[in-house]
Amino acid sequence: MLLTERLAARAASLTASERALADDLLRHYPDGLLDSASAIAARTGTSASTVVRMFSKLGYDSLAEVRREARTEVTSRLQTAAQRAPATLGAQRSLSECVDDALLHDQHNLAATRRGLDMAAFEAAARLLGEGAGRVYVLAEKNSAPVASHLATQLNMCRPGVQDLGAGAPFAVDRMLWVQPQDVLLVFSIRRYSRGALLAAQHFRAQGATVVALTDSPVAPIVPHAQHTLVVHTANASPFDSYTAAFFLCNALVSAVAQLRHGAVGEALERRDALWQRFESDALDGLLT
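Residues numbered from 1 in each chain as written. Predicted model: local features only at pLDDT ≥ 70, side-chain atom pairs only at ≥ 80, totals over all residues. Heavy atoms only, no water.

(A) Expanded view of the layout of surface pockets. Of the volumes computed, that of the largest pocket is approximately 300 Å³. Lining of the largest pocket is provided by 16 residues; of these, Ser76, Arg191, Asp216, His233 and Thr234 occupy positions nearest its centre. When residues of the lining of the largest pocket are traced back to their parent elements, those giving at least two are helix H5 (63–75) and helix H7 (95–115). Of the residues forming the lining of the largest pocket, the biggest block, three residues, is contributed by H5. For the lining of the largest pocket, the per-class residue count stands at four nonpolar, nine polar and three charged. (1 Å grid on protein atoms, 1.4 Å probe; cavity = no way out; pocket = protein on both sides within 12 Å on 5 of 7 lines; lining within 4 Å. Points joined across faces, edges and corners; volume = space filled by probe spheres on them. Helix = DSSP H or I, 4+ residues; strand = E, 2+ residues; numbered from the N terminus. Nonpolar A, V, L, I, M, F, W, Y, C, P; charged D, E, K, R; others polar.)

This is the structure we're talking about:
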């Protein structure tokens, strides 16, 4: 729960001084939570220990968890890394705290993504990827490209007809020339949202194909153009979005597709092993001659 929800749930049990502190926290939410316990105490005329006890009473495990929530709420409203930098880099943190903050954010991202996952959309996407007769196009731009490349690489070992349209793919527009109604576009759209991803989704829909969107917001521009949407959380302890939850969701999709196609995948992986063995032995033979 967010601070606002925690305070509402425990309002009846707060003392007079705690209610004054709660009022200050709400008035300065979320930016004020980035302050130290001493700074919050100075604002409200109480002690740092009272602030710490208050957060503990509200169910927080630590001040780091409080700041994680605040940082997430602040940065979710800001589009660029430059805008997010003051909220994520302003605190004087040790390098060890940077590690712990990154872990805390990614644990939250993973749990929140799983908790909010639309299982109907996930199952529909998995069946389209695993049982569909058409080709699968994977598209991402900007910072999402490594996640899409990872997904396309693994899907290609599970089924034929996977096309990577991400960064570095030659002539991505030309590769959309023969889109058919049975094809699927899996498109990544993480802020800052790309016009290219939106145009691709519109093109696939116009051809009667299916669009699956993986994005960071249920109101992202890509959502109205997708039949199925999967939402990931991307909060981070730095100015840059975290893609840990996106990789998790891709791993889950690959696992589901492999499960649906378990017989064919087993045969494909055996052929792959044989092919790799041949290429590696040929390369070694060439070095020895």
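(B) Representation of helix H2 (residues 16–27) within the structure. Spanning twelve residues, H2 covers 17 Å between terminal C-alpha atoms, matching the ideal 16 Å at 1.5 Å per step. Looking only at H2, the buried set comprises Glu18, Leu21, Ala22, Asp24 and Leu25. One side of H2 carries all its buried residues, which in axial view fall inside an arc of 160°. Residues Ala16 and Arg27 are exposed on H2 and point more than 90 degrees away from its buried face. In this structure, the buried side of H2 is in contact with helix H1 (3–9), helix H3 (37–44) and helix H4 (48–57). (Expected span 1.5 Å × (residues − 1). Buried < 20%, exposed > 50% of the residue type's maximum accessible area, 1.4 Å probe, protein only. Arc of directions from axis to C-beta. Contact = heavy atoms within 4.5 Å.)

(C) How the structure looks around the sheet that holds strand S2 (residues 162–164). Taken together, five strands build an open sheet; the order of strands is S2-S1-S3-S4-S5 and the sheet is parallel. One side of each edge strand has no neighbouring strand; the edge strands of this open sheet are S2 and strand S5 (228–231). Within the sheet, the average angular offset between the axes of one strand and its neighbour, ignoring direction, is 15°. With four bridges connecting them, strand S4 (residues 210–215) and S5 associate as parallel partners. Each bridged residue has a counterpart across the sheet, and for Thr215 the counterpart in S5 is Val231. Running at roughly 140° to S4, helix H11 (residues 244–260) makes contact with strand S3 (184–189), S4 and S5 of the sheet. (Pairing = 2+ DSSP bridges. Axes fitted to C-alpha atoms, helices over the stretch in contact; angles between N-to-C directions.)

(D) Molecular detail of the environment of Ile40. The residue Ile40 is located in helix H3 in this model. Using a relative accessible area of 1% as the deciding quantity, one classes Ile40 as buried. In this structure the C-alpha to C-alpha distance between Ile40 and Ser217, which are 177 residues apart in sequence, comes to 31 Å.

(E) A look at the environment of Leu7. By the secondary structure assignment, Leu7 is in helix H1. Given a relative accessible area of 6%, Leu7 falls into the buried group. With 255 residues separating them along the chain, Leu7 and His262 place their C-alpha atoms 49 Å apart. Apart from residues lying up to four places away in sequence, Leu7 is in contact with Leu14, Ala22, Leu26, Met54 and Leu58.

(F) Up close: helix H9 (residues 145–156). Compared with an ideal rise of 1.5 Å per residue, which puts twelve residues at 16 Å, H9 spans 16 Å between its outermost C-alpha atoms and is within 8% of the ideal. Those residues of H9 lying buried are Ala145, Val147, Ala148, Leu151, Ala152 and Leu155. Mapping the buried residues of H9 onto a view down its axis gives an arc of 160°, with all of them on the same face. On its buried face, H9 is in contact with helix H8 (119–131), strand S1 (136–139), S2, S3 and H11.

(G) Expanded view of the packing of aromatic side chains. Per the counting criterion, the structure on display carries two aromatic pairs. Ring centres of Phe55 and Tyr60 lie 5.9 Å apart, and the angle between their planes is 90°; this geometry places the pair in the edge-to-face category. Look at Tyr137 and Phe204: their rings are 5.1 Å apart centre to centre, the planes differ by 70°, and that puts the pair in the edge-to-face class. On the criterion of sequence distance, the pair formed by Tyr137 in strand S1 and Phe204 in helix H10 (residues 195–206) is long-range, its members being 67 residues apart. Taking relative accessible area as the criterion, Tyr137 reaches 1% and is therefore assigned buried. Seen from the ring of Tyr60, Arg6 lies directly overhead, with NZ or CZ sitting 3.8 Å from the centre. (Phe/Tyr/Trp six-rings, centres within 6.5 Å; stacked < 30°, edge-to-face > 60°. Lys NZ or Arg CZ within 6 Å of the ring centre and 35° of its normal.)

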